[in-house]
Amino acid sequence: MHTFPAFKSDLLQVALEQSFNAVMITNAERGGGGPVIVYCNAALCAMTGYSEAELLGQSPRMLQGPATDRAVLDRLRHCLEQGLFFEGAAINYRKNGEAYHLEWNISPVRDGAGEIRYFVSVQRDVSERVQADQERNLLAQALNASNDAILITDDTWTIVYANQACEALTGYARSELLGQSPMLLRSGMHEPGFYEALQACLLRGEGFRGTFINRHKNGSLYYAEQSIAALHNSAGKISHYVGVSKDITPQVQRETVLREQASRDKLTGLLNRHAGEYELQHCQMHALASGQGFGLILGDLDHFKRINDSWGHRTGDLVLKSVAAMLLQSVRSTDYVVRWGGEEFLVILPDVTLEMAQELAERIRSSVQGYSVPNAGHCSISLGVGVWQLGEAEESLLQRIDAALYASKERGRNRVTLAAQGGGAEARDTSGAARSDLHTLSTGRWLATDRGTQPHSPVLQT
């Protein structure tokens, strides 16, 4: 059995004794119980709980236990037999039976003849780091097990973490998200003020909650109910932002269908009166706030009762659906077409002039006149047209339009009548007959007449 020689340098002795890492030196005994400990520093004693006297002369196997990895020990034994450098990690046991994680390396020490005489082992207790890694892995597993999408960014809004639910929700792989900005998911469906409010809240360290309309990697839109909070470091500075999102797309789609069903006329697919009144109020509020007016066209099918009575309700329904389709094809995407009553239709036209509204009404009249009802022949529509006047209430505009429509009916139907400002109605024959005079109806009297013919009855003022 070799003994550890006296150190030639006091400095080396002091360095080993004061080393932060645990140091163990064993001999290179091959027979019997194998190498035994011939030196241990104070750090090794502190790590294992054994005194120097309890360690010297013992085999390092005294520190092993049930959880010590046998595969690591087999690799260690092979390195020692071959005189190779060893590095590994394992679980050892303290004197009190407590397990601890260590990382260690072993180097052979040769004499002048090249024979291995000792092995020097430098060890470090990494239990705290392993525990932190285990907790971090547990947290990662928990986050990945969450059904909600979780996205974490640093304080510069750069994505540093995304869980599996986030990958599924967005369509992007984690590797595609990391290092990117959450702006990658923006759909363009929100007003700029939405994101400005979000950023202002987070910069103040406040949380934000809202419904986001984001864009999936495949280009489709999805709705996410998302809460975002700022995380602070030990100095109180914002270090990260964490967002938790729940996919509510199916819920939004169901609500959209229900809203559509509640706001649509079942027969024609147009907005029903309730929804039309809502859009009309919205236009009214916008007009009052901006001063930009809007127009209305109110149309009523001529002799519709006769169609129902003569050809049945099935034919009447066909006429209503066909006229509704003509109206939808005639208007802009920003306009609203409403089934206002049985055979009555209202067209709401944001940001139009009276001339634009009149031109559209004439196109509608002409289209309907050109429509032939199977077995019943041609039909026609009478229309009243007007635009909002500064400060006017929507009820007043509707009354003027209704009076203009009534004037069209009184004038012989199949024509467009313009509602005059101040409560009257200006009637122009657009039926294609040989008429050229302009008629203005006000205070219940005709100011000019068509070829001297008086109307059957006065039209009420709007």
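Residues numbered from 1 in each chain as written. Predicted model: local features only at pLDDT ≥ 70, side-chain atom pairs only at ≥ 80, totals over all residues. Heavy atoms only, no water.

What follows concerns the overall build of the protein chain. Helix and strand content of the protein chain: 14 helices and 20 strands. Taking all contacts inside the protein chain whose residues are at least 6 apart in sequence as the whole, residues at least 24 apart take part in 48%. Taken as a whole, the protein chain presents about 25000 Å² of accessible surface, with 52% of it coming from carbon and sulfur. (Helix = DSSP H or I, 4+ residues; strand = E, 2+ residues; numbered from the N terminus. Contact = heavy atoms within 4.5 Å. Areas by Shrake-Rupley, 256 points an atom, 1.4 Å probe, with all protein chains shown as cover.)

Right, let's get into the pairing of strand 4 (residues 99-110). In this sheet, strand 4 lies alongside strand 3 (residues 86-93) in antiparallel orientation, the contact comprising eight bridges. Bridge pairing links Tyr93 to Ala99 in strand 4. Counting the residues that bridge the hairpin from strand 3 to strand 4 gives five residues, and of these Gly97 lies at a positive phi of roughly 90 degrees. For strand 4 and strand 5 (residues 116-125), the ladder comprises nine bridges, and the chain directions are antiparallel. The partner of Ile106 across the bridge, within strand 5, is Ser121. Counting the residues that bridge the hairpin from strand 4 to strand 5 gives five residues, and of these Gly114 lies at a positive phi of roughly 90 degrees. (Pairing = 2+ DSSP bridges.)

What follows concerns the packing of helix 11 (residues 304-311) against helix 12 (residues 313-330). For any two helices packed against each other, one specifies the inter-axial angle together with the distance between the axes. Contact pair helix 11 / helix 12: the axes reach a minimum separation of 6 Å and the direction vectors enclose 140 degrees. Relative to helix 12, helix 11 is oriented oblique. In contact with Phe304, Ile307, Asn308 and Trp311 of helix 11, helix 12 contributes His313, Thr315, Gly316, Val319 and Leu320. Broken down by class, the residue content of the contact of helix 11 with helix 12 amounts to five nonpolar, four polar and no charged. (Axes fitted to C-alpha atoms, helices over the stretch in contact; angles between N-to-C directions. Parallel < 35°, antiparallel > 145°, perpendicular 65-115°, else oblique. Nonpolar A, V, L, I, M, F, W, Y, C, P; charged D, E, K, R; others polar.)

Before going further, it helps to examine the environment of Gly370. Checked against the element boundaries, Gly370 lands in the loop between helix 13 (354-369) and strand 14 (372-373). Looking at Gly370, the relative accessible area reads 55%, which means it is exposed. (Buried < 20%, exposed > 50% of the residue type's maximum accessible area, 1.4 Å probe, protein only.)

Tracing the sequence through the fold places Asn163 in the loop between strand 7 (159-162) and helix 6 (164-170). For the pair Asn163 and Ala145, spaced 18 residues apart in sequence, the C-alpha to C-alpha distance is 8.5 Å. The residues touching Asn163, leaving out its near neighbours within four places in the chain, are Leu143, Asn144, Ser146, Asp148, Ala149, Ile150 and Arg174. Looking at Asn163, its side chain comes within polar contact range of the main-chain nitrogen of Cys166, at 2.9 Å. (Polar contact = N/O pair within 3.5 Å; in protein donor to acceptor, adjacent residues only side chain to side chain.)

Attention shifts here to the side chain of Gln284. Within the secondary structure, Gln284 is located in helix 10 (residues 273-290). Its relative accessible area of 6% is what places Gln284 among the buried residues. Other than its neighbours up to four places away in sequence, Gln284 contacts Phe294, Trp388, Glu392, Ala393 and Glu394.

Take the sheet that holds strand 3 next. The strand order across the open sheet built from five strands is 2-1-5-4-3, with neighbouring strands paired in antiparallel fashion. Because the sheet does not close on itself, it has two edges, and the strands there are strand 2 (37-40) and strand 3. Put simply, the sheet's adjacent strands are angled 30 degrees from each other on average, direction ignored. Sheet topology note: the strand 1 (residues 22-27)/strand 5 ladder contains six bridges and is antiparallel. Each bridged residue has a counterpart across the sheet, and for Met24 the counterpart in strand 5 is Ser121. Across the sheet, helix 5 (residues 127-145) is in contact with strand 4 and strand 5; its angle to strand 4 comes to roughly 130 degrees.

So, about the sheet that holds strand 6 (residues 149-154). Sheets are built from strands that pair by backbone hydrogen bonding, the pairs being arranged parallel or antiparallel. One open sheet holds the five strands; their spatial order is 7-6-10-9-8, and the pairing between them is antiparallel. Where the open sheet ends on each side, the last strands, each with one partner, are strand 7 and strand 8 (208-215). Averaged over neighbouring strand pairs, the angle between their axes works out to 30 degrees when direction is ignored. Strands strand 8, strand 9 (221-232) and strand 10 (238-247) of the sheet are contacted by helix 8 (residues 192-203), whose axis makes an angle of about 135 degrees with strand 8.

Note that soluble globular proteins tend to have their nonpolar side chains buried in a common cluster. Of all hydrophobic cores here, the largest spans 30 residues; its most connected members are Ile297, Leu301, Val319, Phe345, Ile364 and Val368. Where this core is concerned, the elements lending two or more residues are strand 11 (294-301), helix 11, helix 12, strand 13 (344-350), helix 13, strand 16 (381-387) and strand 17 (416-419). Per-element accounting of this core gives the leading share, six residues, to helix 12. (Core = buried A, V, L, I, M, F, W, Y, C linked by side-chain atoms within 4.5 Å.)

Okay, the confidence of the model for the protein chain next. Averaged over the protein chain, the pLDDT score is 86; the fraction of residues at 70 or greater is 89%. No element of the protein chain has a lower mean pLDDT than strand 20 (residues 445-446), at 24, and none a higher one than strand 13, at 97. Here residues 429-462 scores under 50 on pLDDT; set against residues more than four positions off or in separate chains, the count is 63 contacts. (pLDDT = per-residue confidence, 0-100.)

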